[in-house]
Amino acid sequence: MARPRPEPVQVVKQRRDAALNALVAGVPYMQFLGVTVERRGDELTAILPFAERLIGNPTLPAIHGGVTAAFMEVTAQIEVSWAMLWDDLEGGRIDPETLGPDTLPRLPKTIDFTVDYLRSGLPRDAYARARVTRAGRRYSTVQVEAWQDNRARPFAQATAHFLMPRRDGAAGG
């Protein structure tokens, strides 16, 4: 029996990008902050473009700590949601063309979120990546790192715990 031909790479990229765009569009606060997400393979990088309104301390100047925390929290939420969607997306059980606010799986709910501020966020673009360190049916743990000019010198790091939604769409618990 002959193996089916693999999908063309462009079709795979379009499917993955459409699903990621729908996921990001489902988090209105990301649009408010101006956060975008780039995908390279299975790795996601969130980008917070600098804007004057993000400054919390004009004397330094430094990005507001609440903005930094929110940026890292939404990065973690998107990462854990992307990991949750991946198998269904790759298995063809989710059609990214039909994904929208009413058809997206529910986002995980934050149980707790702890931020370590390592240095001031400078008035420039910031980047963040998250890594799921525990993915369970009921809860997941995610580590996040945010940096600006040099990834080896993060300005903040965080740990998040999320209550995972039930796979049938009902609230987790």
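Our subject is the structure that appears above.
Residues numbered from 1 in each chain as written. Predicted model: local features only at pLDDT ≥ 70, side-chain atom pairs only at ≥ 80, totals over all residues. Heavy atoms only, no water.

Caption draft 1: Representation of the overall build of the protein within the structure. Helix and strand counts for the protein come out as 3 helices and 8 strands. Whereas a compact globule of 173 residues would reach a radius of gyration of roughly 16 Å, the protein reaches 17 Å, a difference of no more than 12%. Judged by the C-alpha coordinates and their principal axes, the protein covers about 70 × 40 × 30 Å. Out of the 173 residues in the protein, the part that is buried amounts to 39%. (Helix = DSSP H or I, 4+ residues; strand = E, 2+ residues; numbered from the N terminus. Rg over C-alpha atoms; globule rule 2.2 N^0.38 Å. Buried < 20%, exposed > 50% of the residue type's maximum accessible area, 1.4 Å probe, protein only.)

Caption draft 2: Highlighting the layout of surface pockets. Considering only enclosed or pocket space, the second largest pocket measures out at about 230 Å³ in volume. Around the second largest pocket, the lining residues are D42, E43, L44, E79, R129, A130, R131, Q143, V144, E145, R151 and Q157. Looking at the lining of the second largest pocket, the elements with two or more residues in it are β2 (43–48), β6 (126–135) and β7 (139–147). Taken together, the residues of the lining of the second largest pocket break down into 3 nonpolar, 2 polar and 7 charged. (1 Å grid on protein atoms, 1.4 Å probe; cavity = no way out; pocket = protein on both sides within 12 Å on 5 of 7 lines; lining within 4 Å. Points joined across faces, edges and corners; volume = space filled by probe spheres on them. Nonpolar A, V, L, I, M, F, W, Y, C, P; charged D, E, K, R; others polar.)

Caption draft 3: Spatial organisation of the side chain of S81. For S81, the position within the fold is in helix α3 (residues 65–90). A distance of 2.8 Å separates a polar atom in the side chain of S81 from the backbone oxygen of Q77. Those residues in contact with S81, other than ones at most four positions away along the chain, are L23, L107 and P108. (Polar contact = N/O pair within 3.5 Å; in protein donor to acceptor, adjacent residues only side chain to side chain. Contact = heavy atoms within 4.5 Å.)

Caption draft 4: A look at the environment of I111. Relative to the helices and strands, I111 is located in strand β5 (residues 109–117). On the basis of relative accessibility, which here comes to 48%, the residue I111 falls in the partly exposed class. For I111 and S140, which are 29 residues apart along the polypeptide, the C-alpha to C-alpha distance reads 9.6 Å. Not counting the four nearest positions on each side in its chain, I111 is found in contact with Y139, H161, F162 and L163.

Caption draft 5: Here's a closer look at α3. With 26 residues, α3 extends 37 Å from end C-alpha to end C-alpha; this agrees with the ideal 38 Å at 1.5 Å per step. Along its length, α3 shows its largest kink, about 30 degrees, at M84. The buried count for α3 comes to 19 of 26 residues, which makes it a mostly enclosed element. Once α3 ends, the next one or two residues include G92, with phi positive near 80 degrees. (Expected span 1.5 Å × (residues − 1). Bend = angle between axes of the 7 residues up to and from the residue.)

Caption draft 6: Highlighting the sheet that holds β6. The 6 strands are arranged β1-β2-β6-β7-β8-β5 in an open sheet whose pairing can be described as antiparallel. Each edge of the sheet is formed by a strand with only one pairing partner; in this case those strands are β1 (36–40) and β5. Going from strand to strand, the sheet's axes swing by 25 degrees on average, the running direction of each strand aside. Looking at chain direction, β7 and strand β8 (residues 156–163) are connected through 8 bridges and run antiparallel. Pairing of Y139 across the sheet is with L163, part of β8. Taken strand by strand, helix α1 (residues 9–25) contacts β1 and β2, and its axis lies near 155 degrees from that of β1. The strands touched by α3 are β1, β2, β5, β6, β7 and β8; relative to β6, the strand with the most contacts, the crossing angle is about 45 degrees. (Pairing = 2+ DSSP bridges. Axes fitted to C-alpha atoms, helices over the stretch in contact; angles between N-to-C directions.)

Take it as geometry only, folks, not as evidence of what the structure does.
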